Amino acid sequence: MTGQRLYSRVSDFLRSDSDGNLFYGWRLVVFGIVIILVGRELTSALVHPRFVVAFALDFGIEPNWWHPAVLGIAAATNFPVWAVAGWAIDRYGPRRMVQVGLPLACIVTLLAFVQAPGLLTLSFAWIGTVGLLGAYLPTLTALNHWFRRRLVIALAVMLFAVDAGGAIIKSLIPLLVLAVGWTTTAAVVALAIAALATPLSGRVFNGPEDYGQHPDGTVAESARTLPDYGWREAMKSRQLWLLMAAAGCLSATEAVGNVYFAYIWSDLGVTRSTIGLGLGIQEYTGVIFILVGGWIGYLIPIRYALSGFAAIQVIGTSLLLLGIGSLPVFFLASALVGIGVGAMRASKIAVVGIYFGRRSFGANTIMVLIFTSIAGILAPPAAGAILDVTGEIASVIVIIAIVAAAAAVLFLALGQPRLAPPSIA
């Protein structure tokens, strides 16, 4: 009887109230997984830092100047391209962006075959950006249009599958590069994108209204009861700035952790093999808790969920100070940091749609992304400067904990979602 009840509840959750069939939004989750794996994960695996030197030497380019050139072009062009992509997705819809973005990813990958250093550099610098604007952001926007109350669960399912599939891709691409070379591997990736671009983009519908359904597959809600901000209205909202500040704090803690955690553990006397095990625990608990965090974000107000996940990071980081020399505490700290980071993956994206709606989701998401990227870039050098002044690794641990605690407080300060002001809505 319990099994039948569970099946019935899951079936009702997945069906559309309009026709009783599977809600198309859940199919879109599956198509979104494939779009991101093809358009972003495959291309990103090609430009992994481990390939930079080998790639340059294969084409007779001096790595000492070429690697900084790639990073410089990416840094100089990413933010403007992201801003244009956010506007274009809101203007033309996610379907059109996938139709344009996936072929563009194919073209940028094929630029590597043109024997000119400038085009090679542009290809390597832009592959990741094109994957963001042609696959990742359009898919997030499409899901935000198809889901409202269940958005965080849909995102969690998609991100979990993308992480799992991405891990497989990142393991296979290096093997393929070793077997047939980088250029042949790039050709295979480009052909895969070209073959799948049209059928995948054809499965993306901008919103449920295009498919004769309603968000979440449930009865249509009045637009007057839901937030729906344009990007200009969002910029005037106190909630957007609180959200960007909170997300920036989290980005800073994650960036500093990625750079310094192994150093911190080594300084505390943890062996390299144990550090590797701790990093593995952190990574895999993070992936698993994407789903758990999505479910929690669905059950309770998302600001409480995000604040709680940030608090878990604070606890995990603080344990590093309290458990010096204790392996059980070290592993517990690793798991808690992974839980905090993974559990908020879907919620950090869904909160933009929940608080600011559908109208300018692309632009609003890009604003948050740019702010968090800047915070993530600036935080590690700042932490390094503090370490140079204090000479104590404990100072870095304390800073990570304090900044994560600030994120928890900022998420709570968001309050309830509000409608856009009538005068400018």
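All figures in this text were calculated on a predicted structure; none of them were measured in a lab.

A. Spatial organisation of the overall build of the protein chain. Across its full length, the protein chain holds 16 helices and 0 strands. Residues counted as buried form 52% of the 425 residues belonging to the protein chain. A fraction of 84% describes how many contacts in the protein chain between residues 6 or more apart in sequence connect residues 24 or more apart. For the protein chain, the computed accessible surface area is about 19,100 Å², with 67% contributed by carbon and sulfur atoms.

B. Summary view of helix 2 (residues 24-46). Its 23 residues place the ends of helix 2 32 Å apart at the C-alpha level, agreeing with the 33 Å of an ideal helix rising 1.5 Å per residue. L37 marks where helix 2 bends most, by close to 35 degrees. In terms of burial, helix 2 is largely enclosed, as 18 of its 23 residues are buried.

C. Representation of the packing of helix 2 against helix 8 (residues 182-201) in the model. At a closest axis distance of 10 Å, the pairing of helix 2 and helix 8 adopts a crossing angle of 160 degrees. What the angle tells us is that helix 2 and helix 8 run roughly antiparallel. Judged by the sense of rotation from one axis to the other, the crossing of helix 2 with helix 8 is left-handed. Two secondary-structure elements touch here, helix 2 through F31, V34, I35, V38, L42, T43 and L46 and helix 8 through W182, T185, A186, V189, I193, L196 and L200.

D. A look at the packing of helix 15 (residues 361-390) against helix 16 (residues 393-412). Interaxial distance between helix 15 and helix 16 falls to 8 Å at its minimum, and their mutual angle equals 140 degrees. When the interaxial angle is binned, helix 15 and helix 16 end up oblique. For the pair helix 15 and helix 16, the sense of crossing is right-handed. Between helix 15 and helix 16, the residues in contact are A383, I386, L387 and T390 and I393, S395, V396 and I399, respectively. For the contact of helix 15 with helix 16, a count of residues per class yields 6 nonpolar, 2 polar and no charged.

E. Representation of the pattern of salt bridges. Overall, the coordinates contain 6 salt bridges when judged by the stated rule. Here E41 ties to K170 by a salt bridge, and the two come within 3.7 Å at their closest N and O atoms. Residue E41 is found in helix 2, and its partner K170 is found in helix 7 (residues 151-180); the two are separated by 129 residues along the sequence. Residue classification places E41 among the buried positions, given a relative accessible area of 5%. When salt bridges that share partners are traced, they join R40, E41 and K170 into one network.

F. Layout of the side chain of S347. Mapped onto the elements of the fold, S347 is located in helix 14 (residues 345-356). In this structure S347 comes out as buried when scored by relative accessible area, which is 0%.

G. Main features of the packing of aromatic side chains. Tallied over the entire structure, the rule returns 10 aromatic pairs. Both rings, one in W26 and one in F147, keep their centres 4.8 Å apart while their planes meet at 65 degrees; by these two values the pair is edge-to-face. With W26 in helix 2 and F147 in the loop between helix 6 (117-146) and helix 7, this residue pair connects regions lying 121 residues apart in the sequence. When sorted by exposure, W26 lands in the same class as F147, which is buried. Considering the side-chain rings of W295 and Y298, the 5.5 Å spacing of their centres and the 40 degrees angle between planes classify their relative orientation as tilted. Residue W295 and its partner Y298 are located together in helix 11 (residues 272-299), separated by 3 residues, close to a single helical turn. When the ring centre of F205 is taken as reference, the NZ or CZ atom of R95 above it lies at 5.3 Å.

H. Region of the structure containing the nonpolar core. Of all hydrophobic cores here, the largest spans 94 residues; its most connected members are F147, L155 and M158. With residues near it in sequence (within four places) discarded, M158 still touches V29, G32, I33, I36, T139, L140 and L143. If you look at the next biggest cluster of nonpolar residues, it comprises 11 residues, including Y260, A383, V396 and I400.

I. View of helix 14. Of all the 12 residues making up helix 14, 9 are buried; the element is thus mostly covered by neighbouring parts of the structure. Buried residues of helix 14: A346, S347, I349, A350, V351, V352, G353, Y355 and F356, and no others. In the stretch just after helix 14, G357 is the one whose phi turns positive, near 80 degrees.

J. The environment of F371, seen in detail. Summarising the element assignment, F371 is placed in helix 15. Owing to a relative accessible area of 35%, F371 belongs among the partly exposed residues under this scheme. For the pair F371 and G248, spaced 123 residues apart in sequence, the C-alpha to C-alpha distance is 6.3 Å. Contacts of F371, omitting those with residues within four sequence positions, involve M244, A245 and G248.

K. Up close: the confidence of the model for the protein chain. Mean pLDDT over the protein chain: 82, with 80% of residues reaching 70 or higher. Within the protein chain, the element-level pLDDT minimum falls on helix 3 (residues 52-58), averaging 61, and the maximum on helix 14, averaging 94.

L. How the structure looks around the side chain of R358. Mapped onto the elements of the fold, R358 is located in the loop between helix 14 and helix 15. Side chain to side chain, R358 and E209 meet in a polar contact 3.1 Å long. The residues touching R358, leaving out its near neighbours within four places in the chain, are N144, H145, R148, G207, P208, E209, P215 and D228.

M. Focus on the environment of V337. By the element assignment, V337 lies in helix 13 (residues 327-343). Sequence separation of V337 and G257 is 80 residues, and the distance between their C-alpha atoms is 9.4 Å. Apart from the residues within four sequence positions on either side, V337 is in contact with F261, Q282, Q313, G316 and T317.

Reading the values: rules and limits
- Residues numbered from 1 in each chain as written.
- Predicted model: local features only at pLDDT ≥ 70, side-chain atom pairs only at ≥ 80, totals over all residues.
- Heavy atoms only, no water.
- Helix = DSSP H or I, 4+ residues; strand = E, 2+ residues; numbered from the N terminus.
- Buried < 20%, exposed > 50% of the residue type's maximum accessible area, 1.4 Å probe, protein only.
- Contact = heavy atoms within 4.5 Å.
- Areas by Shrake-Rupley, 256 points an atom, 1.4 Å probe, with all protein chains shown as cover.
- Expected span 1.5 Å × (residues − 1).
- Bend = angle between axes of the 7 residues up to and from the residue.
- Axes fitted to C-alpha atoms, helices over the stretch in contact; angles between N-to-C directions.
- Parallel < 35°, antiparallel > 145°, perpendicular 65-115°, else oblique.
- Left-handed = near helix turned anticlockwise from the far one by under 90°.
- Nonpolar A, V, L, I, M, F, W, Y, C, P; charged D, E, K, R; others polar.
- Salt bridge = Lys/Arg side-chain N within 4 Å of Asp/Glu carboxyl O.
- Phe/Tyr/Trp six-rings, centres within 6.5 Å; stacked < 30°, edge-to-face > 60°.
- Lys NZ or Arg CZ within 6 Å of the ring centre and 35° of its normal.
- Core = buried A, V, L, I, M, F, W, Y, C linked by side-chain atoms within 4.5 Å.
- pLDDT = per-residue confidence, 0-100.
- Polar contact = N/O pair within 3.5 Å; in protein donor to acceptor, adjacent residues only side chain to side chain.

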